[in-house]
Amino acid sequence: MKVEKICCIGAGYVGGPTMAVIAQKNPGIKVTIVDINAERIAAWNNSDLSKLPVYEPGLAEIVKETRGKNLFFSTEIDKAIDEAEMIFISVNTPTKTYGKGKGQAADLKYIELCSRNIAKVATTDKIVVEKSTLPVRTAEAVKSILDNTGNGINFHILSNPEFLAEGTAIEDLLSPDRVLIGGESQEAIESLASVYSSWVPQDQILRTNLWSSELSKLTANAFLAQRVSSINSISELCEHTEANVDEVAKAIGMDSRIGSKFLKASVGFGGSCFQKDILNLVYIARSYNLNEVADYWEQVIIMNDHQKRRFSDNLIKTLYNTVSGKKISMLGWAFKKDTNDTRESAAIYVADHLLNEQAQVSVYDPKVPKQKVYSDLNYLNTRSEEENENNVTVSETPYESLKNAHAVAIMTEWDEFKDYDWKKIYNEMKKPAFVFDGRNILDKSKMNEIGFEYYSIGQ
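An account of the accompanying structure is given in this report. Model, not experiment: these values are computed from the prediction. (Residues numbered from 1 in each chain as written. Predicted model: local features only at pLDDT ≥ 70, side-chain atom pairs only at ≥ 80, totals over all residues. Heavy atoms only, no water.)

### Observations concerning the layout of surface pockets
In this model, the second largest pocket occupies a volume close to 180 Å³. In terms of lining, the second largest pocket is formed by Glu236, Glu239, His240, Arg310, Asn314, Lys317 and Gln459. Here the residues of the lining of the second largest pocket sort into no nonpolar, three polar and four charged. (1 Å grid on protein atoms, 1.4 Å probe; cavity = no way out; pocket = protein on both sides within 12 Å on 5 of 7 lines; lining within 4 Å. Points joined across faces, edges and corners; volume = space filled by probe spheres on them. Nonpolar A, V, L, I, M, F, W, Y, C, P; charged D, E, K, R; others polar.)

### As for the sheet that holds strand 11 (residues 392–394)
Taken together, six strands build an open sheet; the order of strands is 11-10-9-12-13-14 and the sheet is parallel. Pairing within the sheet leaves two strands with one partner each, and these edge strands are strand 11 and strand 14 (453–456). The sheet shows a mean angle of 20° between the axes of neighbouring strands, direction not considered. Examined bridge by bridge, strand 9 (residues 327–331) and strand 10 (residues 360–364) share five bridges and lie parallel to one another. Looking at the pairing, serine 329 lines up with serine 362 of strand 10. (Pairing = 2+ DSSP bridges. Helix = DSSP H or I, 4+ residues; strand = E, 2+ residues; numbered from the N terminus. Axes fitted to C-alpha atoms, helices over the stretch in contact; angles between N-to-C directions.)

### Some details on helix 10 (residues 245–253)
Listed as buried for helix 10 are Val245, Ala249 and Gly253. For helix 10, the angular spread of buried residues about the axis comes to 65°, placing them on one side. Turned more than 90 degrees from where helix 10 packs its buried face, Glu247, Lys250 and Ala251 sit exposed. Its side-chain oxygen 2.8 Å from the backbone nitrogen of aspartate 246, asparagine 244 forms the N-cap of helix 10. (Buried < 20%, exposed > 50% of the residue type's maximum accessible area, 1.4 Å probe, protein only. Arc of directions from axis to C-beta. Polar contact = N/O pair within 3.5 Å; in protein donor to acceptor, adjacent residues only side chain to side chain.)

### A few points about the nonpolar core
Core analysis: the largest hydrophobic core is formed by 58 residues, its most contacted members being Met330, Trp333 and Trp422. The biggest single contributor to this core is helix 13 (residues 346–356), with seven residues. With sequence-adjacent residues up to four places away left out, methionine 330 is seen in contact with Ala347, Val350, Ala351, Val361, Ser362, Val363, Tyr364, Ala409 and Met411. With 39 residues, the next largest nonpolar core counts Ala11, Trp44, Val179 and Trp199 among its residues. (Core = buried A, V, L, I, M, F, W, Y, C linked by side-chain atoms within 4.5 Å. Contact = heavy atoms within 4.5 Å.)

### Examining the sheet that holds strand 4 (residues 86–89)
With mixed pairing, the eight strands of this open sheet are ordered in space as 3-2-1-4-5-6-7-8. Because the sheet does not close on itself, it has two edges, and the strands there are strand 3 (71–74) and strand 8 (205–208). In this sheet, adjacent strand axes meet at a mean angle of 25° when their direction is disregarded. Pairing geometry for strand 2 (residues 30–34) and strand 3, over four bridges, is parallel. Note that in strand 3 the partner of valine 31 across the bridge is leucine 71.

### So, a negative patch on the surface
Residues Glu385, Glu386, Glu387 and Glu389 make up a contiguous surface patch of negative charge. Mapping glutamate 387 onto the fold places it in helix 15 (residues 385–391). Overall, the relative accessible area of 41% leaves glutamate 387 in the partly exposed class. (Patch = residues over 30% accessible without salt bridge, like charges linked within 9 Å, V, L, I, M, F, W, Y side chains within 5 Å. Areas by Shrake-Rupley, 256 points an atom, 1.4 Å probe, with all protein chains shown as cover. Salt bridge = Lys/Arg side-chain N within 4 Å of Asp/Glu carboxyl O. Lys, Arg positive; Asp, Glu negative; His and termini not counted. Charge placed at Lys NZ, Arg CZ, Asp CG, Glu CD.)

This is the structure:
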């Protein structure tokens, strides 16, 4: 099937960047991204490119180059579905918060709604591509809905998981380690492969069956998260011995069998994928009564939760076992640098713990707006929205956030934090002035020289 028009349902962190790059690399294909969220679509269409709903280095430039030419953002979902030969499903698949599988299984209601909508609207054969991270054998459900509720039209289902790291998503799209396409129809697989082959070498386009493709995504995220939890478990051991976790990580990372990536000790991993995908893997394993497999992967999450809690407990203990009424400045709210995504950010949970201890929390993040900080805390339902607003301030500048603070907690590894005038910050903080570096980005000896009481992870 020759692909001339692509529709992507979902204008979020995956759909937006992926389709922008596909449009840039395939000027002959019309790419339309649709979403029911009119506010989000308006943001994608904003003439001020700094107001795009997703911040990724390099994204604004590609949107500027392609938008209005062969890349379009719209709320006219049915029209885009009907016109396209290929439809990407890139909607949210959050962890269930209700019913069977609550807290572990993926909530597939948005996937099902998309599938039913495609079946209702389509008048010609379609290739339907799962781009969202999905549990194994979801394609079977999608195919069943399309075949049984459609108008006798042929639907070919493909799994094409994304392997993007937020903060480097554009780089990952332009130079991917691999592109994975799973499916039953060889013709449909090659149609999608031809879209990618306009910039990805053929030997990096991996073709598998549907189920291998779906499971590969969950497994890749589980393995990466496992490395983070593994080094974080060693960081606690380092703090009780004379070892330095950065030196340990460097030593083991130089082993070619292990490699150096994802061995950076920190306050814990966040993001939309790692926790969700591991919980999903745990749920699938338990559904097949593979309890040892489930227990093994669940421990990765347990270790991550422990690391976040340990960080805030250490802060409270160091501040003479009380932070009640004390100003704690948190630098960073995004789950990692170079993104405005805050999903499952360690900062949310550390702040929540400090608020439970009656701290006054001040937040500064260069890319996360005030309303997002409050909505993240409100989502936890730990206290009223009014209490969150009374006890949390979101500052416009880092120096405003740090002034008169009893302690600084560095939650995100933004490069700019290293370049602040820490001497000036020290002079304007309460004494003794504490720094809790949850990302190990500052120089301990320099901070001690200024006068800070400096605490890092695994040292």
